[in-house]
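So the chains spell out like this:
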Amino acid sequence: MYYLCSLITVIEMEKLVEKNIVDAMAELYGHDIDVADVQIQPTRKEFEGDITLVVFPLLRYSGKSPEDTAGELGNYIINSNPGIISYNVIKGFLNMKVSHAAWLDEFISLWADRAVSRFDSSQGKTILIEYSSPNTNKPLHLGHIRNNLLGFSLARILSACGHRVYKTNIVNDRGIHICKSMLAWQLFGEGKTPSDTGMKGDHFVGKYYVEFEKAYKKEISELMSEGLSAGEASGRSELMAGARQMLRKWEAGDSDTVELWKRMNGWVYEGFDLTYEALGVDFDRIYYESDTYKPGREIVMEGLEKGIFYRKEDGSVWVNLASDSLDEKLLLRADGTAVYITQDLGTAVQRYKDFKFDRQYYVVGNEQNYHFQVLKLILEKLGYEWAGGIHHFSYGMVNLPEGKMKSREGKVVDADDLIDTMIITAREMSDELGKLHDYGDEEKSKIHRKIGMAALKYFILKVDPRKNMMFNPRESIDFNGRTGPFIQYTYARIRSLMRLAEEKGYTVEDIDSDVIINEKETELVKLLRQYKDVVSEAAALLNPSVIANYAYDLAREFNQFYHDYTILGEKVPELRNFRIALSEYTGKIICSSMNLLGIEMPDRM
RNA sequence: GGUUCAGUAGCUCAGUUGGAUAGAGCAACGGCCUUCUAAGCCGUAGGUCGCAGGUUCGAAUCCUGCCUGAAUCACCA
């Protein structure tokens, strides 16, 4: 019956070894142990072998030294399991080598499963992902890029795992900030529009926001030079008064103000759409704060009636969260106007009505941890049973070498500028290498765009989302090494191989089961078989970087393989077929992984 | 001050459920293009895993204390 072992994959082999160990413990030491006590793990690369047993937990049953126990267990296994061809013992670790046949079968079973990302969707949940969440008074910056990439990738990953995922965006389209831009445009804009000036709409409106701040600063310093304190000066500022006046008029529904507001926001949206398109992100449903702040107010009033909230003497409405070791929190101002959290309450309730989600993830920076803690608590207090399903996906800040980004001080890395720079750099590098000489300009620029965006996206997504990250505009983004373009390059090589294979008429239908596979090939198969686990882990941890780092490891392993072995030139057809299949499958997995990050792969570069 | 998070090579980052000699890339130095794409491959060098205790056969990982940094504790969003 031993010949059957050639049909056993490595996964099955691991299970078999587990069972062998349980048997061995009973037979050698007379102890019945639980399978959970058997610690099997992949052997580290530095050591010889494929699977490793950690024997330390078993010592109390064997009563012998780690080395002796491992040796005796190794002996038992090699005699009872012909799929294990050798073993070695280092300290308390028993490294076992799995037969080539098992590794080959492992790959053949992967290869047979042509649908790479076939996940069980029967347990799929309805998941809402809110991300992006821009303000409409200025263009997107690097921080938004991290947000957008994380949100989009998260949606892809959860979706790949069989969930029903909806991407949403809440646009912060109302408030004093947009009024500042509106007022500045009225004062200094001379009736110009983005199309008059050739500017992108969001940059155009952002320009007036900056002009407002400049003029306001000037006004304040003039007032202060007349002897007023900073507080008095801001109180006397005509510009600020004008902006506030505008906000009141907007809330009152003044038609001219609303008209201007619509017009300027429209410009901004046109600009945002271009940036979103360049980033390759999209949304299933967009919410606007101007629609949700009023329902939010009603929710607060309901809570007030139910006695969950309370009113202070000045008429403002509060919630006391002291019992949850938090502070009291304002929900409505004395004049009845909404604050930040008011509209978030409205949005959350509206979204549940719209989607009946099981879970909702808010992709928002970690500076708002407190806010989302409060939001969830309040929703729970209000008795919404779905509140338990909301979760703040909190990501770290993007820091610049000079410190934190401050949009008001112009210390930002503009999203559009950065994207352009990336694509231009990709083009320069590509032209220098000259590999696309036979391509037309349009085809070339498509590829340059893919490469530039891959560099940017990978740079951001490879780091753990929770951590703050450093971005040095000059040095950070690279096209060599652990980068998106490197992975794309590996993929392009594989595609090139496949084209050549096709030209030569090599088609792989079946892989010969007599092939003896070597170390490098085994290493590749080891990585390939982890794909689904990696995606599941990324989904469970809500961490795209798990996939980013996996994709790099895979690409690197393939490059080594590519360098060391002939793939197409092999004289033995069985081996050639196997290597073509291995290459093609590796390409597929690399491509799938990168697509989960929202990174497009070029066939050539 | 309270809360939360972080601290790993000169720099940017990985490091699985606690497991072996802590890994990549960049920067530096030295090799590889007559061979399926050199955006590559190989090698050299680089570490008191913030510090000190504790738990454990075993700690970068878990616990406690301290040091440093970030965010937050708004009638801003």
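This section reports on the structure supplied with the text. (Residues numbered from 1 in each chain as written. Chains lettered and ligands numbered in written order. Predicted model: local features only at pLDDT ≥ 70, side-chain atom pairs only at ≥ 80, totals over all residues. Heavy atoms only, no water.)

## A few points about the overall build of chain A
Inference 1: The secondary structure content of chain A amounts to 21 helices and 15 strands.
Inference 2: A burial count over chain A gives 53% of its 605 residues as buried.
Inference 3: When contacts within chain A are restricted to residue pairs at least 6 apart in sequence, those whose partners lie at least 24 apart make up 75%.
Inference 4: Carbon and sulfur atoms make up 48% of the accessible area of chain A, which amounts to about 28400 Å² in all.
Inference 5: Positive and negative side-chain charges in chain A, numbering 74 and 91 respectively, have mean positions lying 3 Å apart. (Helix = DSSP H or I, 4+ residues; strand = E, 2+ residues; numbered from the N terminus. Buried < 20%, exposed > 50% of the residue type's maximum accessible area, 1.4 Å probe, protein only. Contact = heavy atoms within 4.5 Å. Areas by Shrake-Rupley, 256 points an atom, 1.4 Å probe, with all protein chains shown as cover. Lys, Arg positive; Asp, Glu negative; His and termini not counted. Charge placed at Lys NZ, Arg CZ, Asp CG, Glu CD.)

## Considering helix H18 (residues 519-528)
For the α-helix, the turn length of 3.6 residues means that residues three or four positions removed from each other point alike.
Inference 1: A large share of H18 lies buried, amounting to eight of its ten residues.
Inference 2: All of the buried residues in H18 are Glu521, Thr522, Glu523, Leu524, Val525, Lys526, Leu527 and Leu528.
Inference 3: On the buried face of H18, the contacting elements are helix H4 (100-112), helix H19 (531-541), helix H20 (545-564) and helix H21 (573-596).
Inference 4: Measuring from the backbone nitrogen of Lys520 back to the side-chain oxygen at the start of H18 gives 3.1 Å, which picks out Asn518 as the cap. (Polar contact = N/O pair within 3.5 Å; in protein donor to acceptor, adjacent residues only side chain to side chain.)

## Some details on the environment of Lys446
Inference 1: Among the secondary structure elements, Lys446 is positioned in helix H16 (residues 441-461).
Inference 2: The class for Lys446 is exposed, based on a relative accessible area of 58%.
Inference 3: Between the C-alpha atoms of Lys446 and Pro485, which are 39 residues apart in sequence, the distance is 14 Å.

## Quick word on the packing of aromatic side chains
Inference 1: Applying the stated criterion across every chain, the model contains 26 aromatic pairs.
Inference 2: Residues Tyr131 and Phe283 carry aromatic rings whose centres are separated by 4.7 Å and whose planes lie at 35° to one another, so their mutual orientation is tilted. Highlighted residues: Tyr131 in the loop between strand E5 (126-130) and helix H5 (142-160) and Phe283 in the loop between helix H11 (255-279) and strand E7 (285-288), separated in sequence by 152 residues. The same class applies to Tyr131 and to Phe283, which are both buried.
Inference 3: One aromatic cluster is present, built from ring pairs that chain together Phe107, Trp111, Phe578 and Tyr585.
Inference 4: When the ring centre of Tyr287 is taken as origin, the NZ or CZ atom of Arg351, which lies over that ring, is 4.9 Å away.
Inference 5: When the ring centre of Tyr506 is taken as origin, the NZ or CZ atom of Arg576, which lies over that ring, is 3.6 Å away. (Phe/Tyr/Trp six-rings, centres within 6.5 Å; stacked < 30°, edge-to-face > 60°. Lys NZ or Arg CZ within 6 Å of the ring centre and 35° of its normal.)

## Focus on the side chain of Ser545
Inference 1: You can see Ser545 is positioned in helix H20.
Inference 2: Setting aside anything within four residues of it in sequence, one finds Ser545 in contact with Leu461, Lys462, Val463, Asp464 and Pro465.

## As for the protein's contact with RNA strand B
Inference 1: As a structural note, the neighbourhood of RNA strand B is formed by 64 residues, with Lys91, Asn172, Lys435, Asp464 and Tyr565 the closest of them.
Inference 2: In this structure, a base nitrogen belonging to RNA strand B sits 3.1 Å away from a side-chain N or O atom of Thr52.
Inference 3: Take Asn95: an N or O atom from its side chain is 3.0 Å from a base nitrogen of RNA strand B.
Inference 4: Of all the elements in the fold, those that place two or more residues in the surface near RNA strand B are strand E1 (39-42), strand E2 (51-54), strand E4 (93-98), helix H15 (415-433), strand E15 (469-470), helix H17 (484-503) and H20.
Inference 5: For the surface near RNA strand B, the residue count by class is 27 nonpolar, 19 polar and 18 charged. (Near = heavy atom within 4 Å. Nonpolar A, V, L, I, M, F, W, Y, C, P; charged D, E, K, R; others polar.)

## Structural notes on the pairing of strand E3 (residues 84-90)
Remember that side chains alternate between the two faces of the sheet whenever the strand is regular.
Inference 1: Where E3 and E4 come together, six bridges link them in antiparallel fashion. Within E4, the residue paired with Tyr87 across the bridge is Met96.
Inference 2: Taking the residues that link successive antiparallel strands as the turn, the E3-E4 hairpin has two residues, and the phi of Lys91 there is positive, at about 50°. (Pairing = 2+ DSSP bridges.)

## What to know about the sheet that holds strand E8 (residues 310-311)
Inference 1: Taken together, the three strands give an open sheet; going across it, the order is E8-E9-E10, and neighbouring strands pair in antiparallel fashion. Where the open sheet ends on each side, the last strands, each with one partner, are E8 and strand E10 (328-332).
Inference 2: Inspection of the sheet shows E8 paired to strand E9 (residues 317-320) by two bridges, in the antiparallel sense. In the strand pairing of E9, Arg311 is matched with Val317.

## Let's talk about the pattern of salt bridges
Inference 1: Applying the stated criterion across every chain, the model contains 26 salt bridges.
Inference 2: Salt-bridge contacts for Asp23 lead to Lys19; the nearest nitrogen and oxygen are separated by 3.6 Å. You can see Asp23 and its partner Lys19 sitting in helix H1 (residues 10-29), four residues apart, about one turn around the helix.
Inference 3: Judged by relative accessible area, which is 31%, Asp23 ranks as partly exposed.
Inference 4: Lys19 gets classed as exposed once you look at its relative accessible area, which sits at 52%.
Inference 5: Across the pair Lys381 and Asp324 runs a salt bridge, and its minimum N-O distance is 3.7 Å. Pair noted here: Lys381 is in helix H14 (residues 369-381) and Asp324 is in the loop between E9 and E10, with a separation of 57 residues, a long-range link.
Inference 6: Assessed through its relative accessible area of 31%, Lys381 is described here as partly exposed.
Inference 7: For Asp324, a relative accessible area of 30% translates into the label partly exposed.
Inference 8: Salt bridges linked by common partners bring Glu14, Glu106 and Arg529 together as one network. (Salt bridge = Lys/Arg side-chain N within 4 Å of Asp/Glu carboxyl O.)

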